[in-house]
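Residue-level structural notes
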Amino acid sequence: MIRNLKVQRLALLFFIVIILIVNGSILQSKSTPQDNDYYPFRLYMVASPEAAYQNDHFNMSLSITNIHFDEILNVSLQFEVHEDLEFIKSSELDLEAENDSSEMNYTVGALEVDEIYLIRLEFNVTSSDTKTITVEGITVNFQLLNGLSSFVISNSVNILLKGEQVTSQSNSLPTLPSDLTPPDDSLIFFAYFLPIVMFGISVFILRRIRR
């Protein structure tokens, strides 16, 4: 009897320990929303066009879709402007560069379930080099309703820089040298009347011959 009681107590203690271990694992999985590759957003960033000359403008567009089962709070964007680019403007009028800083931040706010947010950024190419640069992804910070905060980074995009744009010049007639002096008026008069005088002499000679 006593032996059976000890076995029951050991079984109960073992059962309690298992419950505590399982409960701790569940709490730990809830405290890390990024575990198991879980992302509450679907992010997609594209460039248009994907190749540009120096001083050309191109657009970077980022699409954010809330695929979480609940509303997501305090959504904000963070990105750095590439050293070969210059930020011009955005579809969000209140997004501006501060003190010529390459790091930029923008607060989006809350996103409802299945809500899609789209932002467009316009850049100017400042580099005269010919090369391919990688524009790193935009960091999207967020907070869940349970108070947990984290971030997701979008895909990066490659841009082909084509260097300086060479403009073709149309063929033009060569210019006259500036040191040429205009001909004398007497030469112009002589060149104009010489054919007339020669014609008159020819007529006179032909008439003499006929006589």
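Notes on the structure in this doc start here. (Residues numbered from 1 in each chain as written. Predicted model: local features only at pLDDT ≥ 70, side-chain atom pairs only at ≥ 80, totals over all residues. Heavy atoms only, no water.)

**Re the nonpolar core**
Formally: The set of buried Ala, Val, Leu, Ile, Met, Phe, Trp, Tyr and Cys residues whose side-chain atoms join them within 4.5 Å is what this entry labels a nonpolar core. Only protein chains enter the accessibility calculation, which uses a 1.4 Å probe. A residue is then buried if its area is under 20% of the maximum for its type, exposed if over 50%, and partly exposed in between. Strands are runs of DSSP state E lasting at least two residues, helices are runs of H or I lasting at least four, and both sets are numbered from the N terminus onward. Residues count as neighbours in contact if any of their non-hydrogen atoms are within 4.5 Å of one another.
Counting residues in hydrophobic clusters, the biggest one holds 35 residues, and the most contacted among them are Phe41, Met60, Ile64, Leu121 and Phe123. Examining the composition of this core, we find that five residues originate from one element, strand E7 (residues 116–125), more than from any other. Beyond its immediate sequence surroundings of up to four residues, phenylalanine 123 is in contact with Asp56, His57, Phe58, Met60, Phe79, Val81, Leu85, Glu86, Phe87 and Ile88.

**Quick look at the sheet that holds strand E5 (residues 85–90)**
Formally: Any two strands with at least two DSSP-identified bridges between them are counted as paired. To get an axis, fit a line to the C-alpha atoms, keeping to the stretch in contact for a helix; angles then go from 0 to 180 degrees between the N-to-C directions.
Taken together, four strands build an open sheet; the order of strands is E1-E3-E7-E5 and the sheet is antiparallel. Edge strands, defined here as strands with exactly one partner in the open sheet, are strand E1 (41–48) and E5. Here the average twist between neighbouring strands, direction ignored, is 25°. By the bridge criterion, eight bridges tie E1 to strand E3 (residues 57–66) in an arrangement that is antiparallel. From the neighbouring strand, valine 46 faces E3, where its bridge partner is serine 61.

**Notes on the sheet that holds strand E11 (residues 157–162)**
Spatial strand order, E2-E11-E8: three strands in an open sheet with mixed pairing. Lying at the two open borders of the sheet, with one neighbouring strand each, are strand E2 (51–52) and strand E8 (130–135). When E2 meets E11, the two strands line up parallel, connected through two bridges. Looking across to E11, one finds that alanine 51 is bridged to leucine 160.

**Quick look at a nonpolar patch on the surface**
What counts, and what does not: Patches draw on residues past 30% relative accessible area with no salt bridge. Two like charges within 9 Å are joined, as are two nonpolar side chains (Val, Leu, Ile, Met, Phe, Trp, Tyr) within 5 Å. Accessible areas in this description were obtained via Shrake-Rupley with a 1.4 Å probe; residue shielding takes into account the shown protein chains only. Salt bridge, as used here: a side-chain nitrogen of Lys or Arg that lies within 4 Å of a carboxyl oxygen of Asp or Glu.
A contiguous nonpolar patch, built from Met198, Ile201 and Ile205 and spanning about 270 Å² of accessible area, is present on the exposed surface. For isoleucine 201, the position within the fold is in helix H2 (residues 185–210).

**Topic: the environment of valine 152**
With respect to the element layout, valine 152 can be found in strand E10 (residues 149–153). Valine 152 sits 15 residues away from glycine 137 along the chain, and the two C-alpha atoms are 9.5 Å apart.

**Remarks on unusual backbone geometry**
In this model, serine 48 is joined to proline 49 through a cis peptide bond whose omega is -5°. Among the secondary structure elements, proline 49 is positioned in the loop between E1 and E2. Although it is not a glycine, asparagine 55 sits at a positive phi angle of roughly 75°. Note on placement: asparagine 55 falls in the loop between E2 and E3. Relative accessible area serves as the criterion here: at 55%, asparagine 55 is assigned to the exposed category.

**As for the side chain of serine 127**
Quick reminder of the rule: Any N or O atom pair separated by 3.5 Å or less is treated as a polar contact, with the protein-specific requirement of one donor-capable and one acceptor-capable atom, and with residues adjacent in sequence counted only for side-chain atom pairs.
Counting through the fold element by element, serine 127 comes out in the loop between E7 and E8. A distance of 3.1 Å separates a polar atom in the side chain of serine 127 from the backbone nitrogen of aspartate 129. Setting aside anything within four residues of it in sequence, one finds serine 127 in contact with Gln54, Asp84 and Leu161.

**Structural notes on the environment of aspartate 114**
Within the secondary structure layout, aspartate 114 lies in the loop between strand E6 (103–111) and E7. For aspartate 114, a relative accessible area of 58% gives the class exposed. Leave out the neighbours within four places in its chain, and aspartate 114 touches Thr65 and Asn66.

**Re the environment of glutamate 112**
Residue position: glutamate 112 is located in the loop between E6 and E7. With 42 residues separating them along the chain, glutamate 112 and aspartate 70 place their C-alpha atoms 7.1 Å apart. The residues touching glutamate 112, leaving out its near neighbours within four places in the chain, are Asn66 and Glu71.

**Topic: the pattern of salt bridges**
Inspection of the entire model under this criterion finds three salt bridges. For aspartate 129, the salt bridge identified is with lysine 131, shortest N-O distance 3.9 Å. On the basis of relative accessible area, aspartate 129 is assigned to the partly exposed category, the value being 39%. On the basis of relative accessible area, lysine 131 is assigned to the partly exposed category, the value being 29%.

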